[in-house]
Structures are given as structure tokens and as C-alpha cells.
Amino acid sequence: EIKSTVLSTLNLTPGATIAGGAVTLTQTAADKSTAATTLALNTSGSFGKISGTQADVYKTVNVTAAAATTIADIEMDALTTLNVAGTGVTTFTALTAAQNAKLATIASTGGGLTIGTELATGVAVTGGAGVENIMIGATTKVIDLGAGNDVVTVSTTTMGAGGAVKG
């Protein structure tokens, strides 16, 4: 557990032979500082869920993966923007329902991105040269995955109004 209201950069690297565990980011009642709303997450390796009362305040998370990274779940209820960069592929095995409902934009400019939860219909995705692997339903946003051998799994036969997929 990390207790801070002003945490804006977090470097996560697991041990050489074991995966990292869950990460809890907690605000402290005594700290009256203005809470940080953007988190730079520099990482590689595998981790459990990232959650907590401070995690619920972040609106923007910028992940830079130095190597392949897997995060079991992100529980950040205010998160609207997720940016992924770096040379490694970043994998989120799940997004909570509340998280997915608030998320508006995802941008992947690094080694690639995999998300193991079907994205809500209002999430716009922009990909880069890496491999993006996502699931969508009747999206109302443009899913533009850029270059790479991207994979989009679609659970419906009809896009929502304004929805499109570009490879």
C-alpha cells in the first residue's frame, strides 16, 4: 500500500523471479493537499489490481512500458484518458464496470496494447505501430488502430451511430 495524495509518478518493477502483487494507492485523511489527477506509470512485468482511494481520483494515466507489462485490473473510477507508450506490450486483463463506463479515450503509441474487457460504446481508441488487441460492441466512437497486425473482436453486427473501425 502506498499512502499519498500527491503521487504523480509511480515506477513498478517486479522481482526477477516473481510477479508483483496488487498495488493499493490510498489517500491519507491527514493530508489536505490537492489530489494529483494524472499518474505517470512506468512499468514492466506482471502485477495484480491497481486500486484505492487515490487511484479513484486519477483522470489521466500515462503508462510507459519498458518491457511486456500485464496489469490484472485497474480500478480507477474517475479515469477518462488512458495513454500507453514504451517498447513493451501493455496488457490489462480487465477493467471494472465503473472504470469502463467513464473511460473516453485510449491512445497506444508504443509496443502495443491488449485489453481483456469489452470496451464501453463511448470509448474512442487510437493505435500506433504496435499490435492492439481489443473487444468492442456497438461502439459510437471511431476505433482507429493504425499500423500493425491489430485484432478487434466485435460482439455485434451493427455499429452504433458514429461508430467505425479503421485498421
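Located above this text is the structure these notes cover.
Residues numbered from 1 in each chain as written. Predicted model: local features only at pLDDT ≥ 70, side-chain atom pairs only at ≥ 80, totals over all residues. Heavy atoms only, no water.

Participant: An account of the overall build of the protein is needed here, citing residue identities and associated values.
Facilitator: Counting its secondary structure elements, the protein contains 1 helix and 15 strands. Relative to a compact globule of 167 residues, whose C-alpha radius of gyration would be 15 Å, the protein shows 16 Å and is just as compact. Along the three orthogonal principal directions, the C-alpha set of the protein runs to about 50 × 35 × 20 Å. Each of the 167 residues in the protein was classed as buried or not, and the buried ones make up 41%. The long-range fraction of contacts in the protein, counting pairs at least 24 apart against all pairs at least 6 apart in sequence, stands at 32%. A total accessible area of about 7,400 Å² is found for the protein, and carbon and sulfur atoms account for 56% of it. The positive charge centre, built from 7 side chains, and the negative charge centre, built from 10, are 8 Å apart in the protein. (Helix = DSSP H or I, 4+ residues; strand = E, 2+ residues; numbered from the N terminus. Rg over C-alpha atoms; globule rule 2.2 N^0.38 Å. Buried < 20%, exposed > 50% of the residue type's maximum accessible area, 1.4 Å probe, protein only. Contact = heavy atoms within 4.5 Å. Areas by Shrake-Rupley, 256 points an atom, 1.4 Å probe, with all protein chains shown as cover. Lys, Arg positive; Asp, Glu negative; His and termini not counted. Charge placed at Lys NZ, Arg CZ, Asp CG, Glu CD.)

Participant: Give a description of the pairing of strand β4 (residues 38-47) that names residues and reports values.
Facilitator: For strand β2 (residues 9-12) and β4, the ladder comprises 4 bridges, and the chain directions are parallel. Paired with Leu10 across the two strands is Leu41, which belongs to β4. One ladder, built from 9 bridges, connects β4 with strand β6 (residues 60-71); its direction is parallel. Opposite Gly45, over in β6, you have Thr69 as the bridge partner. (Pairing = 2+ DSSP bridges.)

Participant: Please provide a residue-by-residue account of the nonpolar core, values included.
Facilitator: Among the nonpolar cores identified, the biggest contains 33 residues, and Leu25, Val61, Phe92 and Ile106 are the most heavily contacted of them. Breaking this core down by element, the ones donating at least two residues are β2, β3 (23-26), β4, β6, β7 (81-85), β10 (112-119) and β12 (131-136). Discounting residues that sit within four places of it in the chain, Ile106 has contacts with Leu82, Leu113, Ile115, Leu119, Val123, Ala124, Val125 and Thr126. (Core = buried A, V, L, I, M, F, W, Y, C linked by side-chain atoms within 4.5 Å.)

Participant: Mind laying out the sheet that holds strand β1 (residues 2-3), listing which residues take part and the relevant values?
Facilitator: Pairing within the open sheet is parallel, and its 3 strands lie in the order β1-β3-β5. Both outer strands of the open sheet, β1 and β5 (50-51), are each paired with one neighbouring strand and no more. Relative to β3, β1 runs parallel, the two sharing 2 bridges. When the sheet's bridge partners are listed, Lys3 is paired in β3 with Thr26.

Participant: Can you lay out the pattern of salt bridges for me, pointing to particular residues and giving the numbers?
Facilitator: Here the structure, examined in full by the defined rule, presents 1 salt bridge. A salt bridge links Glu75 to Lys49, with the nearest nitrogen and oxygen atoms 3.3 Å apart. Of the two residues, Glu75 is situated in the loop between β6 and β7 and Lys49 in the loop between β4 and β5; the sequence distance between them amounts to 26 residues. Overall, Glu75 belongs to the partly exposed group, its relative accessible area being 26%. Given a relative accessible area of 34%, Lys49 falls into the partly exposed group. (Salt bridge = Lys/Arg side-chain N within 4 Å of Asp/Glu carboxyl O.)

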